[in-house]
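A structural walkthrough
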Protein chains: 2
Amino acid sequence: MTRNTQQKEAIRTAFEQANRPLSPDEVLTLASKKVKQLSIATVYRNISTLVEDAFLLTVDVPGEASRYEIAGKEHHHHFQCDECGKIFELEGCLVKDRPRLPRGFRSTRHEVFVYGHCASCA
Amino acid sequence: MTRNTQQKEAIRTAFEQANRPLSPDEVLTLASKKVKQLSIATVYRNISTLVEDAFLLTVDVPGEASRYEIAGKEHHHHFQCDECGKIFELEGCLVKDRPRLPRGFRSTRHEVFVYGHCASCA
DNA sequence: ATCGTTGCAAACTCTTTGCAGGATT
DNA sequence: AATCCTGCAAAGAGTTTGCAACGAT
C-alpha cells in the first residue's frame, strides 16, 4: 500500500510546475522549498517509484545525469541550453523519414538532442 | 615533451583497429592484449591526452559511459545496438533541415542516436 | 640521468542501500 | 498500532588523483 507523504507530494508537484525534464538534483532544490529537510536519497527513491508507477519517464541525456519528465506525451525530442544546462521538450520529430543504416542493421527507435541557447539565456 | 610508451601505442592502436567509438572499459580490454598489465587509470589518462591532442573526440552517450572516436570525420551520428551495447558510426545527417524551436531559442548543433540491432546481433 | 608515465591505492562524485526512528493510514 | 517511508550514513560503481617506482629519451 503506497502512502501519500509530504515528500512525494512535493516531488510530484515540482515536476508539474517545472514543465521540463528535471534531474534528481533539480528536484531536490525545487521540492526542498516545500519540505525543507528533504534528502537526496528520498528524491531518488521517489523518482524510482514514480517511474514504476508510469507517472514519470526517464530521459537519458548524453554525458549528464538522467532527467525525468511526466509520462504520456507524444513522441518528441529535447533541447539543452549550453548556458544554463536546463533541458526542454521540443515538439514533433526532427528525424528524416528513412535513416540510412549499414547493411544488416535494423533500427527500432531514435533520440535527438538539440543544443544552443534557451530563451532566458539568449 | 610527450613520450611514446607501449601503453599509449596500444591504446591508439585499439582505436585504429576497432573502427567504432570505444568506452574506457573497451579500450582496457582491447589494449590489454598487447600490454597485459595495463591499468584503467592509464587508459583514462591517455584518453584525456589523446583528446587534448585532437587525435580523439568525445562521444557523449545517453545514459552510458562516454565513448571516444578518432577525430576528423565528417558530421555524422551514432547507432547503439540494444543487444551488445556497442556503438557504431552512421554516415550522413539524419535531421530535417529546419528544426522548429520555441520562440527565443537558438540552436547551434544536434546529436542523434539510433537504436536497434547491429548486423552481428540481428 | 632526467623527468614524463605507470600502477596502485586512496579520493571523489553520483547513486543505491541498510537501518532505526518517524509519519501515514 | 502496523508498517511504509524518511533521514542519515555507509556502501557501490565509475572516474580522477597522489605518490613512489619505472622507463623513454
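Residues numbered from 1 in each chain as written. Chains lettered and ligands numbered in written order. Predicted model: local features only at pLDDT ≥ 70, side-chain atom pairs only at ≥ 80, totals over all residues. Heavy atoms only, no water.

Section: the overall build of chain A
A count of helices and strands for chain A gives three helices and five strands. Ordered by position in the sequence, the α and β elements of chain A form the string α-α-α-β-β-β-β-β. Taking the principal axes of its C-alpha atoms as reference, chain A extends roughly 55 × 40 × 25 Å. In chain A, once contacts between residues fewer than 6 apart in sequence are set aside, the share between residues at least 24 apart is 45%. When the accessible surface of chain A is summed, it comes to about 7200 Å², and 46% of that surface belongs to carbon and sulfur atoms. (Helix = DSSP H or I, 4+ residues; strand = E, 2+ residues; numbered from the N terminus. Contact = heavy atoms within 4.5 Å. Areas by Shrake-Rupley, 256 points an atom, 1.4 Å probe, with all protein chains shown as cover.)

Overview of the side chain of Glu26 of chain B
Residue and element names in this part refer to chain B. Here Glu26 is to be found in helix α2 (residues 24–31). A polar atom in the side chain of Glu26 sits 2.8 Å from the backbone nitrogen of Ser23. Once you skip the residues sitting within four places of it in the chain, Glu26 turns out to touch Arg20, Pro21, Arg67 and Lys86. (Polar contact = N/O pair within 3.5 Å; in protein donor to acceptor, adjacent residues only side chain to side chain.)

Quick look at the environment of Gly72 of chain B
With respect to the helices, strands and loops of the structure, Gly72 of chain B is situated in the loop between β2 (67–70) and β3 (77–81). When the C-alpha positions of Gly72 of chain B and Leu56 of chain B are compared, they lie 8.5 Å apart, and in sequence the two are 16 residues distant.

What about the pairing of strand β4 (residues 87–90) of chain A?
Residue and element names in this part refer to chain A. Inspection of the sheet shows strand β3 (residues 77–81) paired to β4 by four bridges, in the antiparallel sense. Bridge pairing in β4 links Phe79 to Phe88. Here β3 hands over to β4 after five residues, with Gly85 in that stretch at a positive phi of 80°. (Pairing = 2+ DSSP bridges.)

Quick look at the protein's contact with DNA strand C
Inspection of the region around DNA strand C gives 19 residues, with Tyr44 of chain A together with Arg3, Gln7, Thr42 and Arg45 of chain B positioned closest. Arg3 of chain A places a polar side-chain atom, nitrogen or oxygen, 3.0 Å from a base oxygen of DNA strand C. The separation between a base oxygen of DNA strand C and a polar side-chain atom of Arg45 of chain A is 3.2 Å. Of all elements in the fold, only α3 (40–52) of chain A together with α3 (40–52) of chain B reach the threshold of two or more residues within the surface near DNA strand C. Sort the elements by how many residues they give to the surface near DNA strand C and α3 of chain B lands first, with four residues. (Near = heavy atom within 4 Å.)

A word on the protein's contact with DNA strand D
Among the 19 residues in the neighbourhood of DNA strand D, the closest are listed as Arg3, Thr42 and Arg45 of chain A together with Arg3 and Tyr44 of chain B. Backbone atoms, meaning sugar and phosphate, form 60% of the atoms of DNA strand D found within 4 Å of the protein. Between DNA strand D and the protein, one listed contact pairs a phosphate oxygen with a side-chain N or O atom of Thr42 of chain A at 2.5 Å. Taken together, the elements giving at least two residues each to the surface near DNA strand D come down to α1 (6–18) and α3 of chain A together with α3 of chain B. Looking at which element gives the most residues to the surface near DNA strand D, the answer is α3 of chain A, with four residues. Looking at side-chain class alone, the surface near DNA strand D contains six nonpolar, eight polar and five charged residues. (Nonpolar A, V, L, I, M, F, W, Y, C, P; charged D, E, K, R; others polar.)

Considering the interface of chain B and chain A
A common measure of how large an interface is: the accessible area buried when the components associate. Contact with chain B, which involves 35 residues of that partner, is made by 35 residues of chain A. Together chain B and chain A conceal approximately 3100 Å² of surface at their shared face, both sides included; 59% is due to carbon and sulfur atoms. The largest per-residue losses of area from chain B upon contact with chain A belong to Phe105, Arg106 and Tyr115 of chain B, which jointly make up 19% of the total buried on that side. The interface formed by chain B and chain A contains two salt bridges. We note a salt bridge from Arg109 of chain B to Asp82 of chain A, for which the minimum N-O separation is 3.4 Å. The tally of links from chain B across to chain A stands at 14 residue pairs in polar contact (both at pLDDT 80 or more). (Buried area = accessible area lost by both parts, 1.4 Å probe. Salt bridge = Lys/Arg side-chain N within 4 Å of Asp/Glu carboxyl O.)

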